[in-house]
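Chain by chain, the residues:
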2 protein chains.
Amino acid sequence: MTDIVILGAGNVAKHLVNAFAYAEGLQVVQVYNRSKRGLSAFKENPTTTDIDALAEADLYILAVADDAIEVLSESLPLSGRLVVHTSGSVSIDHLSNKNRKGIFYPLQTFSKDKEVSFEGIPICLEAEDSGDLELLENVAEAISKKVYHINSAQRKSLHLAAVFVNNFVNHLYQIGSEICEANEVPFEVLAPLIEETANKVKELPPKKAQTGPAKRQDITTIKKQLDSLADPIHKEIYELLTDSIISTYGRKEL
Amino acid sequence: MTDIVILGAGNVAKHLVNAFAYAEGLQVVQVYNRSKRGLSAFKENPTTTDIDALAEADLYILAVADDAIEVLSESLPLSGRLVVHTSGSVSIDHLSNKNRKGIFYPLQTFSKDKEVSFEGIPICLEAEDSGDLELLENVAEAISKKVYHINSAQRKSLHLAAVFVNNFVNHLYQIGSEICEANEVPFEVLAPLIEETANKVKELPPKKAQTGPAKRQDITTIKKQLDSLADPIHKEIYELLTDSIISTYGRKEL
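## Describing the side chain of A:Gln154
On the secondary structure map, A:Gln154 appears in helix α4 (residues 152–182). A residue is classified by how much of its surface remains accessible, and A:Gln154, at 17% relative accessible area, is buried. Here B:Glu184 takes part through its backbone oxygen, which lies 3.1 Å from a polar atom of the side chain of A:Gln154. Residues in contact with A:Gln154, not counting those within four places in the same chain, are A:His149, B:Asn183, B:Glu184 and B:Val185.

Here it is as structure tokens:
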């Protein structure tokens, strides 16, 4: 049995505790949080707000905000234990040298209001010691089918790429929904297109899947669409992304 | 039986002819194209390059490039027939008054290299005559479960929204894949995140689903990520979309 202490009570902590509850050979022996607020969600597990009362465990997972990782890691009254964080953008070097270090980064977007099955979520692992990496691998494989060894530099770039394909993409969905709303068209009409666009990249590299007025350098449509955009930021985004697509495929001589 | 002539030999024409082949009560009696090139793909149907040899039909579908619609529609040696186009961005007014007019706009992205099932594709219909609208409805419902009445102004805005949620989104996927490639991380690691981001909007409005450094106004991460972007256009896109997200949710006092 691998005993795990989770530190933090946010979305990632909650989703991990849920996933571990259904996994063979893993046991969350404690959830720690600085304040009582948040801990009420962990009814099935022992909880504490006292850092000096941390339980014995094989693995300590810091599932806290990026800027809290370094301070929390320094303040742990532990030494020689395996301590990992779950962040995409914080280097392994930010963990205190008092303990053995590692990363357990589930690459997914976690919302409070939306259930997620861990099985398909890639988990990116890093550790300085090969035994520790093996332990992390066992824990990751108990909840997910997609486990990768990714070093800190690669993880940083993955996190950056994720901002483009998740955060920025969602923002474009939102702009799409605003345009629909302003013209009294149900946004659901676009749902199959959104789904197909996302599914396509599993079979075709995005560079090959590109379509649309910018790809075709259809200047008439581009001008008409720019004119019809009311919001100046939407206009700017339209112009910049159109430009970027055009320069990706090479400007036609006009 | 509804007899249909398809004019055009591109992706939309091909996908429509395929879909109609499996539909009850519809028959593609002819495929017309200006040149022989392209017509070789239509082995199951009579074809012609002679506009004066167009077959008798209940419905003529112009599945051609946006800027070819008006000219082709004017040059048809027909009168009083139902002639529709398949474009998202061209008004019904661009069709010649010689014939009855309508729109049959399948809102999906069609690639040569990727099969598409029509069943889930929204088809947006418009016609000036209620009998024509009924005929179009029957044709659309024979191949799709999602049929909408959408007027020209609404269709224009849908097409614009589609550029954001499909063309621009795919371009962001491509930037993500370039970042991965530059750092030797397999792009497939991001596939579940891309899928989840797309699925999320079916359950949550995109405004509620937003996550990430811009949403949190996490200036430290934003600065670090901007610094790590090598391509100046990627940097500009990162800055503009971050700014747009921040102003959507209201700038925090810093």
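## Let's talk about the relation of the copies chain B and chain A
Its rotation angle being 180°, the transformation that places chain B on chain A also includes 0.0 Å of axial translation and leaves an RMSD of 0.0 Å. Look at the turn and shift together and you get a two-fold axis relating the two. Of every C-alpha in chain B, the one belonging to B:Val169 sits nearest the axis of rotation, 2.8 Å from it. A high fraction, 100%, of the interface residues of chain B reappear at the interface in chain A, so the copies pair face to face through one surface.

## Digging into helix α9 (residues 232–249) of chain B
Compared with the 26 Å implied by 1.5 Å per residue over 18 residues, the 26 Å span of α9(B) between its first and last C-alpha is a close match. Those residues of α9(B) not exposed but buried are B:His234, B:Ile237, B:Tyr238, B:Leu240, B:Leu241, B:Thr242, B:Ser244, B:Ile245 and B:Ile246. Next to the buried residues of α9(B) lie α4 and α9 (232–249) of chain A together with α4 (152–182), α7 (213–216) and α8 (219–228) of chain B. N-capping of α9(B) is provided by B:Asp231, with a side-chain oxygen placed 2.8 Å from the backbone N of B:Ile233. Count one or two residues on from α9(B) and you reach B:Gly250, which has phi positive near 85°.

## Structural notes on the pattern of salt bridges
Under the definition given, this model contains 12 salt bridges over all chains. Of the charged contacts in the structure, one is a salt bridge between A:Lys202 and B:Glu195, with a shortest N-O distance of 3.2 Å. Here A:Lys202, found in helix α5 (residues 191–203), pairs with B:Glu195, found in helix α5 (residues 191–203), and the two come from separate chains. For B:Arg216, the salt bridge goes to B:Asp218, with nearest N and O atoms at 3.2 Å.

## Remarks on the sheet that holds strand β3 (residues 47–48) of chain A
All names here are of chain A. Sheet architecture is open: eight strands sit in the order β3-β2-β1-β4-β5-β6-β7-β8, paired in mixed fashion. Looking at the sheet topology across the chains shown, the edges are occupied by β3 and β8 (147–149). Two elements, strand β4 (residues 59–62) and strand β5 (residues 82–85), share three bridges in a ladder whose sense is parallel. Its bridge partner lying in β5, Leu62 is registered against His85. Lying over the sheet, helix α1 (residues 11–21) contacts β1 (2–7), β2 (26–32), β4 and β6 (100–106), oriented at roughly 160° with respect to β1. Contacting β1, β2, β4, β5, β6, β7 (123–127) and β8, helix α3 (residues 130–143) runs over the sheet at an angle of about 165° to β7.

## Looking at the interface of chain B and chain A
Between chain B and chain A, the residue contacts involve 84 residues of the former and 86 residues of the latter. Across the chain B to chain A interface the summed buried area is about 8,200 Å²; carbon plus sulfur atoms make up 69%. At the surface where chain B touches chain A, the tally comes to two salt bridges. Counting the contacts that link chain B with chain A gives 24 residue pairs in polar contact (both at pLDDT 80 or more). Looking at the side of chain B that touches chain A, the elements that each hand over two or more residues are α4, α5, α6 (206–209), α8 and α9 of chain B. Looking at the side of chain B that touches chain A, the element that brings in the most residues is α4(B), giving 24 residues. A per-class count over the side of chain B that touches chain A returns 42 nonpolar, 28 polar and 14 charged.

## So, the pairing of strand β6 (residues 100–106) of chain B
Residue and element names in this part refer to chain B. By the criterion of burial, β6 is predominantly enclosed, with six of the seven residues buried. Bridge analysis of strand β5 (residues 82–85) against β6 gives four bridges, and the strand direction is parallel. For His85, the partnering residue across the bridge sits in β6 and is Ile103. Relative to strand β7 (residues 123–127), β6 runs antiparallel, the two sharing five bridges. Its bridge partner lying in β7, Ile103 is registered against Glu126.

Reading the values: rules and limits
Residues numbered from 1 in each chain as written. Chains lettered and ligands numbered in written order. Predicted model: local features only at pLDDT ≥ 70, side-chain atom pairs only at ≥ 80, totals over all residues. Heavy atoms only, no water. Helix = DSSP H or I, 4+ residues; strand = E, 2+ residues; numbered from the N terminus. Buried < 20%, exposed > 50% of the residue type's maximum accessible area, 1.4 Å probe, protein only. Polar contact = N/O pair within 3.5 Å; in protein donor to acceptor, adjacent residues only side chain to side chain. Contact = heavy atoms within 4.5 Å. Least-squares fit on C-alpha atoms with pLDDT ≥ 70 in both. Expected span 1.5 Å × (residues − 1). Salt bridge = Lys/Arg side-chain N within 4 Å of Asp/Glu carboxyl O. Pairing = 2+ DSSP bridges. Axes fitted to C-alpha atoms, helices over the stretch in contact; angles between N-to-C directions. Buried area = accessible area lost by both parts, 1.4 Å probe. Nonpolar A, V, L, I, M, F, W, Y, C, P; charged D, E, K, R; others polar.

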